[in-house]
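Each chain is listed here by its residues.
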Amino acid sequence: MQIWVDADACPVVIKEILFRGAERTKTSVTLVANQFIRTPPSQYIKSVQVQAGFDVADNEIVQRVHEGDLVITSDIPLADEVITKGALALS
């Protein structure tokens, strides 16, 4: 399982929880945003910066997500798309 985070609007406290969980469970977490997102040094945590624009980060997540992955987002249309691909969505 891979965890994808729609990171542009994700609160810092949620990111910190995800970072701790990634280390503890050895689960890959990727934050996707149209700005630089600082992440702690870890083999399980990375960030992907996309160009600014409407739904660019969402589209990147949809392209990369696989069945069984988890997407953290408050974006209902993004959640719908990833669920359609067989992934899970959590707000």
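Everything below is about the structure shown above.
Reading the values: rules and limits
- Residues numbered from 1 in each chain as written.
- Predicted model: local features only at pLDDT ≥ 70, side-chain atom pairs only at ≥ 80, totals over all residues.
- Heavy atoms only, no water.
- Core = buried A, V, L, I, M, F, W, Y, C linked by side-chain atoms within 4.5 Å.
- Buried < 20%, exposed > 50% of the residue type's maximum accessible area, 1.4 Å probe, protein only.
- Helix = DSSP H or I, 4+ residues; strand = E, 2+ residues; numbered from the N terminus.
- Pairing = 2+ DSSP bridges.
- Right-handed = clockwise from strand over helix to strand, strands pointing away.
- Arc of directions from axis to C-beta.
- Contact = heavy atoms within 4.5 Å.
- Polar contact = N/O pair within 3.5 Å; in protein donor to acceptor, adjacent residues only side chain to side chain.
- Axes fitted to C-alpha atoms, helices over the stretch in contact; angles between N-to-C directions.
- Parallel < 35°, antiparallel > 145°, perpendicular 65-115°, else oblique.
- Nonpolar A, V, L, I, M, F, W, Y, C, P; charged D, E, K, R; others polar.

### Considering the nonpolar core
Phase 1: Judged by nonpolar contacts, the single largest core of 15 residues is most densely connected at Ile3, Val5, Ala7, Val29, Leu31, Ile45 and Ile72.
Phase 2: Counting only elements with at least two residues in this core, the list comes to strand 1 (2-6), helix 1 (12-25), strand 2 (28-33) and strand 4 (70-72).
Phase 3: By size, the runner-up hydrophobic cluster in this structure holds twelve residues, among which are Trp4, Val48, Ile61 and Val65.

### Quick look at the pairing of strand 2
Phase 1: Burial analysis of strand 2 places five of its six residues in the buried class, the great majority of the element.
Phase 2: Of the pairings in the sheet, the one linking strand 1 to strand 2 comprises five bridges and is parallel in character. Along strand 2, the bridge assignment pairs glutamine 2 with serine 28.
Phase 3: With respect to chirality, the unit in which strand 1 leads through helix 1 into the neighbouring parallel strand 2 is right-handed.
Phase 4: Across five bridges, strand 2 lies against strand 3 (residues 45-49) in parallel orientation. Opposite valine 32, over in strand 3, you have valine 48 as the bridge partner.

### Some details on helix 3 (residues 76-84)
Phase 1: Looking only at helix 3, the buried set comprises Leu78, Ala79 and Val82. Projected onto a plane normal to the axis of helix 3, the buried residues spread over an arc of 100° and lie on a single side. Seen from the buried face of helix 3, the exposed residues on the opposite side, beyond 90 degrees, are Ile76, Pro77 and Thr84.
Phase 2: Looking at the buried side of helix 3, the elements it contacts are strand 1, helix 2 (56-64), strand 4 and strand 5 (88-90).
Phase 3: Between a side-chain oxygen at the N-terminus of helix 3 and the backbone nitrogen of leucine 78 the separation is 3.0 Å; the capping residue is aspartate 75.
Phase 4: Directly beyond the C-terminal end of helix 3, a positive phi value near 95° is found at glycine 86.

### Here we look at the packing of helix 2 against helix 3
Phase 1: Between helix 2 and helix 3, whose axes approach to 10 Å, the crossing angle comes to 10°. Put simply, helix 2 runs roughly parallel to helix 3. In contact with Asp58, Ile61 and Val62 of helix 2, helix 3 contributes Leu78, Glu81 and Val82.
Phase 2: Looking at side-chain class alone, the contact of helix 2 with helix 3 contains four nonpolar, no polar and two charged residues.

### What to know about the sheet that holds strand 2
Phase 1: Here we have five strands laid out as an open sheet, ordered 3-2-1-4-5, and parallel in their pairing. The open sheet is flanked by strand 3 and strand 5, the only strands paired with a single partner. Pairwise comparison of adjacent strand axes, ignoring direction, gives a mean angle of 20° for this sheet.
Phase 2: In the sheet, strand 4 pairs with strand 5 via three bridges, with the strands oriented parallel. Bridging across to strand 5, leucine 70 finds its partner in leucine 88.
Phase 3: In the packing of helix 2 onto the sheet, the strands contacted are strand 1, strand 2, strand 3 and strand 4, and the crossing angle to strand 1 comes to about 165°.
Phase 4: Packing of helix 3 onto the sheet brings it into contact with strand 1, strand 4 and strand 5, and relative to strand 5 it is tilted by some 155°.

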